[in-house]
Amino acid sequence: MLADHLPSALDLARSQFAFTVVWHFLFPAFTIGLASFLAVLEAFWLTTGRAVYLDSYRYWLKIFAVAFAMGVVSGLVMSYQFGTNWSVFSDKTAPVLGPLLGYEVLTAFFLEAGFLGVMLFGLERVGPRLHFLATCLVAVGTLISAFWILSANSWMQTPTGYVLDANGHFAPQDWWAVIFNPSFPFRFAHTVTAAYLTTAMIVGAVAAWHLLRDRSNPRARLMFSMAMWMAAIVAPVQLVLGDLHGTNTYHHQPAKVAAMEGHFDSERRAPSILFGWPDAQAETTRWAIGIPGLASLYLAHDLNAEVRGLKSMPRDTWPTNLPLVFWAFRVMVGIGFLMIALGVTSLYLRWNGRLYTSRWLHRCAVAMGPSGLIAVTAGWIVTESGRQPFTVYGLLRTADSVSPIAAPAVAASLAAFAVVYFVVFGAGIWFLLHLFNQPPRPHEAGLPTGQPVRTAGITPAPALAAGPNAQPAE
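Just so you know, these numbers come straight off a predicted model, no measurement behind them. (Residues numbered from 1 in each chain as written. Predicted model: local features only at pLDDT ≥ 70, side-chain atom pairs only at ≥ 80, totals over all residues. Heavy atoms only, no water.)

Asks: Residues and numbers for the overall build of the protein, please.
Replies: Summing up its helical and strand segments, the protein has 15 helices and eight strands in all. Overall, the C-alpha framework of the protein stretches about 90 × 60 × 50 Å when taken along its three principal axes. When each of the 474 residues of the protein is scored for burial, the buried share is 47%. Across the protein, every contact between residues at least 6 apart in sequence was considered, and the portion connecting residues at least 24 apart equals 78%. (Helix = DSSP H or I, 4+ residues; strand = E, 2+ residues; numbered from the N terminus. Buried < 20%, exposed > 50% of the residue type's maximum accessible area, 1.4 Å probe, protein only. Contact = heavy atoms within 4.5 Å.)

Asks: Give me the packing of aromatic side chains: which residues, what numbers.
Replies: Counting across every chain of the model gives 33 aromatic pairs. On the numbers, 5.0 Å between centres and 85° between planes, the contact of Phe147 with Phe184 is edge-to-face. Here Phe147 is found in helix H5 (residues 128-157), whereas its partner Phe184 is found in helix H7 (residues 184-213), with 37 residues between them in sequence. Geometrically, the ring pair formed by Trp176 and Phe180 is tilted, given 4.7 Å between the ring centres and 40° between the ring planes. Counting every residue linked through ring pairs, the aromatic cluster contains Tyr103, Phe147, Trp148, Trp175, Trp176, Phe180, Phe184 and Phe188. Above the plane of the ring of Phe326 lies Arg330, whose end atom (NZ or CZ) is 3.5 Å from the centre. (Phe/Tyr/Trp six-rings, centres within 6.5 Å; stacked < 30°, edge-to-face > 60°. Lys NZ or Arg CZ within 6 Å of the ring centre and 35° of its normal.)

Asks: Please give an account of the nonpolar core that cites residues and values.
Replies: If you look at the biggest cluster of nonpolar residues, it comprises 83 residues, and the most contacted ones within it are Trp60, Ile63, Phe64 and Phe224. Per element, the largest residue contribution to this core is 14 residues, and it comes from helix H2 (residues 51-84). If we skip the residues at most four places from it in the chain, Phe64 touches Thr31, Leu34, Ala35, Leu38, Leu116, Met119 and Val138. Core analysis: the second largest hydrophobic core is formed by 22 residues, Ala258, Val307, Leu322 and Ala378 among them. (Core = buried A, V, L, I, M, F, W, Y, C linked by side-chain atoms within 4.5 Å.)

Asks: Describe the environment of Asp165, with residues and values.
Replies: If you trace the backbone, Asp165 turns up in the loop between strand S1 (162-164) and strand S2 (170-172). Judged by relative accessible area, Asp165 falls into the partly exposed class, the value being 38%. With 231 residues separating them in the primary sequence, Asp165 and Leu396 have C-alpha atoms 14 Å apart. At 3.0 Å, the side chain of Asp165 and the backbone nitrogen of Gly168 are in polar contact. One polar contact links the side chain of Asp165 to the main-chain amide nitrogen of His169, over a distance of 2.8 Å. (Polar contact = N/O pair within 3.5 Å; in protein donor to acceptor, adjacent residues only side chain to side chain.)

Asks: Explain the pattern of salt bridges residue by residue, including any values.
Replies: Enumeration over the complete set of coordinates arrives at seven salt bridges. In this structure, the salt-bridge partner of Arg219 is Asp55, at a minimum N-O distance of 4.0 Å. Residue Arg219 is located in helix H8 (residues 218-252), and its partner Asp55 is located in helix H2; the two are separated by 164 residues in the primary sequence. Classification of Arg219 as buried rests on a relative accessible area of 10%. Of the residues examined, Asp55 reaches a relative accessible area of 5% and is grouped as buried. (Salt bridge = Lys/Arg side-chain N within 4 Å of Asp/Glu carboxyl O.)

Asks: Could you give me a rundown of the environment of Ala328, with the residues and numbers involved?
Replies: Relative to the helices and strands, Ala328 resides in helix H11 (residues 322-351). Residue Ala328 is classed as buried on the basis of its relative accessible area, which comes to 8%. Expressed as a C-alpha distance, the spacing of Ala328 and Tyr356, which sit 28 residues apart in the sequence, is 34 Å.

Asks: For helix H13 (residues 371-387), give the residues involved together with the corresponding values.
Replies: Relative to the 24 Å expected for 17 residues at 1.5 Å per residue, H13 spans 24 Å between its end C-alpha atoms, a close match to the ideal helical length. Taken across its 17 residues, H13 has 12 buried, putting it largely inside the fold. Inspection of H13 places Ser371, Gly372, Ala375, Val376, Thr377, Ala378, Gly379, Val382, Thr383, Ser385, Gly386 and Arg387 among the buried residues, and these make up the whole buried set. Where H13 is buried, its residues touch helix H1 (9-48), H5, H7, helix H9 (254-261), H11 and strand S7 (390-392). (Expected span 1.5 Å × (residues − 1).)

Asks: Pulling in residues and values, what's your account of the layout of surface pockets?
Replies: Each pocket or cavity is described by its volume, and for the second largest pocket that value is around 1,000 Å³. Lining the second largest pocket are 42 residues, and of these His190, Gly242, Phe329, Met332 and Val333 lie nearest its centre. Those elements giving two or more residues to the lining of the second largest pocket turn out to be H7, H8, H9, strand S4 (272-279), helix H10 (294-300), H11 and H13. Per element, the largest residue contribution to the lining of the second largest pocket is 10 residues, and it comes from H11. Residues belonging to the lining of the second largest pocket are distributed by class as follows: 22 nonpolar, 15 polar and five charged. (1 Å grid on protein atoms, 1.4 Å probe; cavity = no way out; pocket = protein on both sides within 12 Å on 5 of 7 lines; lining within 4 Å. Points joined across faces, edges and corners; volume = space filled by probe spheres on them. Nonpolar A, V, L, I, M, F, W, Y, C, P; charged D, E, K, R; others polar.)

Asks: Tell me about the confidence of the model for the protein, residues and numbers included.
Replies: A residue-level look at the protein finds 92% of positions with pLDDT of 70 or above and a mean pLDDT of 88. Between residues 447-474, whose pLDDT stays under 50, and residues either more than four places distant or in other chains, the model counts 12 contacts. (pLDDT = per-residue confidence, 0-100.)

Right, dumping it as structure tokens:
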């Protein structure tokens, strides 16, 4: 029958959450780094007094406002899905995850809401130093938000500090162990660094685009220089953080690592498989091309160490889509090495005085613009698909977490989300590209100054129209 070949409610609920989280994460992955970049630009402006820093700040502030707004809006529907599609999961984990997400609202959201308006509209109204404080607090707020979200997600990956009651509910026993669970420090450092690199790639691409048009533009030169410094310094650091995170995952989620590596058999001097196709039915990776011993070296830091394969674990604990996990991991790592190559090349050309004149480097930087967004998306696919078939790793299965809802209802909402997201956020991304295409100019436009700001009451327009020397009406 046709119904036997249609997706189940579980599959549709997973697809809906995956669709919305991928769209959402594109924007925080950009704005977390961009907020810090804005704080650095304003700090340099206050320190040096050079207008080029203020012009660059104002250029990216407009982009930050749009991206931040789309990030907030795209994330709202995700919380509703916990109730509509994942009510069993919400019921069982609420005592642990509820407070963590509540702390994000009480700290990060309130901080950002309190100072975002000052950051966006207050430079000519509150003074530069107070405005700089507002920029810094918004940047700190984005990091605090990442802290709590990643703590909650990491607890689902490596749950600690809880007790299970008679009804299977998770109750916190040690909040310190819940928040700072075994994978959290590595995941937090790895994800925030990825956000900084994402911003660096976008800033570098936009600056390179304008250098190809006018290599003498001082604002584009400044942006490109700062982006390439970030790539040269942070991309190698990210490689080290990724290695530490991978080792932690190997100890706590061995099935995920086996899927990432395409290993079915446990073996010493395990190879690092560069290319291949994991076949769960045949229990082998077809057409494998690898480097002997390398996986043992970077997973266990011992060339002769034994690396566990999927066959050593129960079949019902294997990730449900092995090729997806395998190839998403390679996309993430491959892009990471390209970022390192870009940073090292920029250092060489900077040393030789050709950073702003090498058009081939600028073209490469433009091509690398979306690379950070692709890498963080691939990383999240590895993290979430590799955790399957569990929502709370090893304790609560995804199939036991879904709401008792019919597949047609989930399919209808998924279709609605797809239409709305592609229209609304497609238009938002188009507008961001339009802003990127505008060259950074001297005396970058800000809000009008010298005019009263009213949020209610009588508009000041008649008085303004009369001019500053107008006499009051008799």
